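Chain residues, written in single-letter form:
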Amino acid sequence: MIFRKTLIAAGLAALLTGAAQAQEAAAPPPPGPTEWRAVAPDNLLVIDTTKGRILVELAPEIAPAHVERIKLLASRGFYDNLAWHRVIDWFMAQTGDPLGTGDGQSWYPDLKAEFTFRRGPDMAFTPVAAPAGALVGFYHSIPVQTQPDALMAGTSDRKVHGWGLYCPGVAGMARDEGNDTANSQFFLMRQPYPALDKRYTVWGRVVVGLEVVRALKASPEPSGIVTDPDRMTRVRLASDLPAAERPAVQMLNPASPAFRALLDEARQAKGADFSVCDIDLPVRVATAG
């Protein structure tokens, strides 16, 4: 009898072990190294603030002149110690004014608007939705709306219009009344705000530190002007930092199977309310050197 119970126990253990192994085998594997995209250090803006660090991926293919200006000012130390002078909860955080009042700018000339860009078949665009007459998806970490690929055949440059979408973390350039008046002030979105689409130039997106953007001191006033504001302590390109201090960032590739699984999960969770802003791209960060 003791021997038979032992056999039964051994058989049950084997069944449980086999079931566990089968369950492990059925589980989808985690994203592999080939599914991650490295962010180039010369397109990674490192913003250290009094509330923590923010990493922004720049998008020179979308707004080349604005990205060039951001890189230039960062390399000159222009942004160091400037205030987040205008912060509105459920909207955005604005900085880049040496006066701290909203009226200041750099000594360089104003920029021509880059509200839209031309997308060709060589751009790494990944669609996630296809509303009538359009495509919505990602170019790297930037949420984008664009005309369908089929229209490329009928344009002189074989490209179509695209524009960045103001989802959380998206970086936009502040301006005055005129379209071509952006200079040095910029803002980072705390929440989605589609009313800004095609009205303000998108030049990047926060890939690490959105919680820091949302923690910056906000104003209770309608103007958003902050009393005793938080500040940027240092702003540099990752490529300009010493190797031991340089963050190395990898983003989940939107063209990967792991991203498709993430997309399917977001669609199921949101249903008819699904938006490209509902997708948070996973990120990995290490220190190079």
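Structure: see above.
Predicted model, so just to flag it, every value in this text is computed and none were measured.

Novice: Tell me about the overall build of the protein, and name the residues and values.
Specialist: If you tally the helices and strands in the protein, you get 4 helices and 16 strands. For the protein, buried positions account for 45% of its 289 residues. Contacts in the protein between residues at least 24 apart in sequence constitute 69% of all its contacts with a sequence separation of at least 6. Only carbon and sulfur atoms are counted for the fraction: they give 56% of the accessible area of the protein, which is about 14,500 Å².

Novice: Explain the packing of aromatic side chains to me, and be specific about the residues and the numbers.
Specialist: The geometry of an aromatic ring pair is captured by the separation of the ring centres together with the interplanar angle, meaning the angle of the planes. Per the stated rule, a full pass over the model turns up 10 aromatic pairs. Geometrically, the ring pair formed by F138 and F259 is edge-to-face, given 5.9 Å between the ring centres and 85 degrees between the ring planes. Within this pair, whereas F138 is found in strand β8 (residues 135-139), its partner F259 is found in helix α4 (residues 257-270), the two being separated by 121 residues in sequence. Its relative accessible area of 0% is what places F138 among the buried residues. A relative accessible area of 0% places F259 in the buried class.

Novice: Help me get a handle on the sheet that holds strand β5 (residues 92-95), residues and values and all.
Specialist: Strand order in the open sheet formed by 8 strands is β4-β5-β12-β11-β13-β3-β2-β14, and the pairing between neighbours is antiparallel. Edge strands, defined here as strands with exactly one partner in the open sheet, are β4 (86-88) and β14 (232-237). Looking at each pair of strands side by side, their axes are set apart by 25 degrees on average, direction ignored. Pairing between strand β2 (residues 44-49) and strand β3 (residues 52-58): 6 bridges, direction antiparallel. The residue bridging D48 from the neighbouring strand is R53, located in β3.

Novice: Run through the pattern of salt bridges, naming residues and quoting values.
Specialist: Counted according to the given criterion, the structure contains 9 salt bridges. Linking R37 and E57 is a salt bridge whose minimum nitrogen-to-oxygen distance equals 2.8 Å. Highlighted residues: R37 in strand β1 (residues 36-38) and E57 in strand β3, separated in sequence by 20 residues. Of the two residues examined, R37 and E57, each falls in the buried class. Of the charged contacts in the structure, one is a salt bridge between R236 and D80, with a shortest N-O distance of 2.9 Å. In this pair, R236 is assigned in strand β14 and D80 in the loop between α2 (64-75) and β4, connecting sequence segments 156 residues apart. With relative accessibility at 24%, the residue D80 sits in the partly exposed group. Taken together, the shared-partner salt bridges connect D48, R53, R234 and E245 into one network.

Novice: Which residues make up the environment of A244, and what values do they have?
Specialist: Turning to its location among the elements, A244 is positioned in the loop between β14 and β15 (247-252). Considered as a pair, A244 and T287 are 43 residues apart in the sequence and their alpha carbons are 6.8 Å apart.

Novice: Lay out the sheet that holds β1 with the relevant residues and their values.
Specialist: The strand order across the open sheet formed by 3 strands is β1-β15-β16, and the pairing between neighbours is antiparallel. Among the strands making up the open sheet, the edge pair consists of β1 and β16 (283-287). Adjacent strand axes in the sheet meet at a mean angle of 25 degrees when their direction is disregarded. Pairing between β15 and β16: 5 bridges, direction antiparallel. Within the sheet, the bridge partner assigned to M251 lies in β16 and is V283.

Novice: Any chance you could break down the nonpolar core for me, citing the residues and the numbers?
Specialist: For soluble globular proteins, the rule of thumb is that nonpolar side chains tend to be buried together. Judged by nonpolar contacts, the single largest core of 45 residues is most densely connected at V128, Y166, F187, M189, F259 and I279. Taken together, the elements giving at least two residues each to this core come down to β2, β7 (125-129), β8, β9 (142-146), β12 (186-189), β13 (202-208), β15 and α4. Residues in contact with F187, not counting those within four places in the same chain, are M92, A93, Q94, Y166, V170, A171, G172, M173, A174, L196 and Y200. If you look at the next biggest cluster of nonpolar residues, it comprises 32 residues, including I47, L58, V206 and V235.

Novice: Account for the state of the cysteines, naming residues and giving values.
Specialist: According to the stated counting rule, one finds 1 disulfide in the structure shown. In this model, C167 is linked to C277 through a disulfide, with the two sulfur atoms separated by 1.9 Å. Between C167 and C277, the S-S dihedral sits near -80 degrees, and the bridge is therefore left-handed. With a gap of 110 residues between them, C167 in the loop between β10 (160-164) and β11 (170-173) and C277 in the loop between α4 and β16 connect regions that are remote in the sequence.

Novice: Account for unusual backbone geometry, with residues named and values stated.
Specialist: At H140, a position not held by glycine, the phi torsion is positive, near 55 degrees. Here H140 is to be found in the loop between β8 and β9. H140 gets classed as partly exposed once you look at its relative accessible area, which sits at 23%.

The rules behind the values
- Residues numbered from 1 in each chain as written.
- Predicted model: local features only at pLDDT ≥ 70, side-chain atom pairs only at ≥ 80, totals over all residues.
- Heavy atoms only, no water.
- Helix = DSSP H or I, 4+ residues; strand = E, 2+ residues; numbered from the N terminus.
- Buried < 20%, exposed > 50% of the residue type's maximum accessible area, 1.4 Å probe, protein only.
- Contact = heavy atoms within 4.5 Å.
- Areas by Shrake-Rupley, 256 points an atom, 1.4 Å probe, with all protein chains shown as cover.
- Phe/Tyr/Trp six-rings, centres within 6.5 Å; stacked < 30°, edge-to-face > 60°.
- Pairing = 2+ DSSP bridges.
- Axes fitted to C-alpha atoms, helices over the stretch in contact; angles between N-to-C directions.
- Salt bridge = Lys/Arg side-chain N within 4 Å of Asp/Glu carboxyl O.
- Core = buried A, V, L, I, M, F, W, Y, C linked by side-chain atoms within 4.5 Å.
- Disulfide = S-S within 2.5 Å.

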